[in-house]
Amino acid sequence: MKKLRDTEIVLKNVRLSYVHLTRPYANQPGQEEKYSVTILLPKSDAAQKAKLDAVIVKATAQGKEKRWNGVVPPVVPVPVHDGDGVRQDGNSFGAECRNCWVMTASCKADHKPPVVDGNLNQILDGSQIYSGMYANVFINAYPYASAGKKGIGFGLGPVQKTADGKSLGGSAPTAEEVFGVIGGVDTAAQQPKIDPLTGEPM
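Throughout what follows, the structure given in this document is the object of discussion.

Parameters at a glance
Residues numbered from 1 in each chain as written. Predicted model: local features only at pLDDT ≥ 70, side-chain atom pairs only at ≥ 80, totals over all residues. Heavy atoms only, no water. Buried < 20%, exposed > 50% of the residue type's maximum accessible area, 1.4 Å probe, protein only. Helix = DSSP H or I, 4+ residues; strand = E, 2+ residues; numbered from the N terminus. Pairing = 2+ DSSP bridges. Expected span 1.5 Å × (residues − 1). Arc of directions from axis to C-beta. Contact = heavy atoms within 4.5 Å. Polar contact = N/O pair within 3.5 Å; in protein donor to acceptor, adjacent residues only side chain to side chain. Core = buried A, V, L, I, M, F, W, Y, C linked by side-chain atoms within 4.5 Å.

### Here's the deal with the pairing of strand β2 (residues 34-42)
Inference 1: Burial within β2 is extensive, with seven of its nine residues counted as buried.
Inference 2: Inspection of the sheet shows strand β1 (residues 8-25) paired to β2 by five bridges, in the antiparallel sense. Across the sheet, the residue bridging to Arg-15 is Leu-40, located in β2.
Inference 3: Both β2 and strand β4 (residues 100-108) contribute to a ladder of nine bridges, which runs antiparallel. If you follow Thr-38 over to β4, its bridge partner there is Thr-104.

What follows is the structure, given as structure tokens:
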């Protein structure tokens, strides 16, 4: 296995939401389309959170040295949010985010991340890649300076599906979920009979 850099981490067996791994996606018209996932890391997993914090510290040091002209901003924005709090727009996170740290990782449309199963075989069936599944996810923390904004972002690398989970919205309902059985009703018998000679109802 590859030795990870100081700014890289594999988050293990985390739940995924807002999964865009089969084709790139943009939140709004005019935005750059990217592959992305939202990662839900349970707050109870203190060990992985500590490792995540460590790569953010390394990326911040890298930013000071290479991106921010030797000066670290007083507050460094990071893409890790409290799922029990509110989003930047003031709205609450979804119920699936409770008791979790919530973060999004993405990559450009020309760098599609491989998605593999437990045997490292590429998953070709797109229906097996969905919001709600569990996975190991490679991310790289990097410093950015763009349009006057400075902070830390998460780049997305390979994803390994570890288990299925309850789907988190966005999927079409099944016929069984929205329809009842039409028990013993002969719909043809309910239609008016037509006289074949006149074309009028009999």
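The discussion continues.
### Concerning helix α1 (residues 46-66)
Inference 1: Here α1 spans 30 Å end to end across 21 residues, near enough to the 30 Å set by a 1.5 Å rise per residue.
Inference 2: Looking at α1, one finds that the buried residues are Gln-48, Lys-49, Leu-52, Val-55, Ile-56, Ala-59, Thr-60 and Gly-63. Burial along α1 is one-sided: seen end-on, the buried residues are contained in an arc of 150°. Residues of α1 that are exposed and point over 90 degrees away from its buried face: Ala-46, Ala-47, Lys-51, Val-57 and Glu-65.
Inference 3: On its buried face, α1 is in contact with β1, β2, β3 (80-82), β4, β6 (134-146) and β7 (149-163).

### Section: the side chain of Thr-38
Inference 1: Within the secondary structure, Thr-38 is located in strand β2.
Inference 2: Look at Thr-38 and you get buried, because its relative accessible area is 10%.
Inference 3: Side-chain polar atoms of Thr-38 contact the side chain of Thr-104, separated by 3.0 Å.
Inference 4: Those residues in contact with Thr-38 that sit more than four places away from it in its chain are Arg-15, Leu-16, Ser-17, Tyr-18, Val-102, Met-103 and Thr-104.

### Looking at the nonpolar core
Inference 1: Grouped together as the largest cluster of nonpolar side chains are 32 residues, with contacts concentrated most on Leu-16, Ile-39, Leu-52 and Phe-154.
Inference 2: Breaking this core down by element, the ones donating at least two residues are β1, β2, α1, β4, β6 and β7.
Inference 3: Residues contacting Phe-154, with those up to four places away along its chain left out, are Leu-52, Ile-56, Pro-79, Val-80, Met-103, Thr-104, Ala-105, Ser-106, Ile-139, Asn-140, Ala-141 and Tyr-142.
Inference 4: With five residues, the next largest nonpolar core counts Leu-40, Phe-93, Cys-100 and Val-102 among its residues.

### Re the environment of Pro-143
Inference 1: Along the chain, Pro-143 falls in strand β6.
Inference 2: Separated by 85 residues in sequence, Pro-143 and Lys-58 place their C-alpha atoms 9.6 Å apart.
Inference 3: When neighbours within four sequence positions are excluded, Pro-143 is seen to be in contact with Ala-59, Gln-62, Gly-63, Arg-67, Trp-68, Gly-151 and Ile-152.

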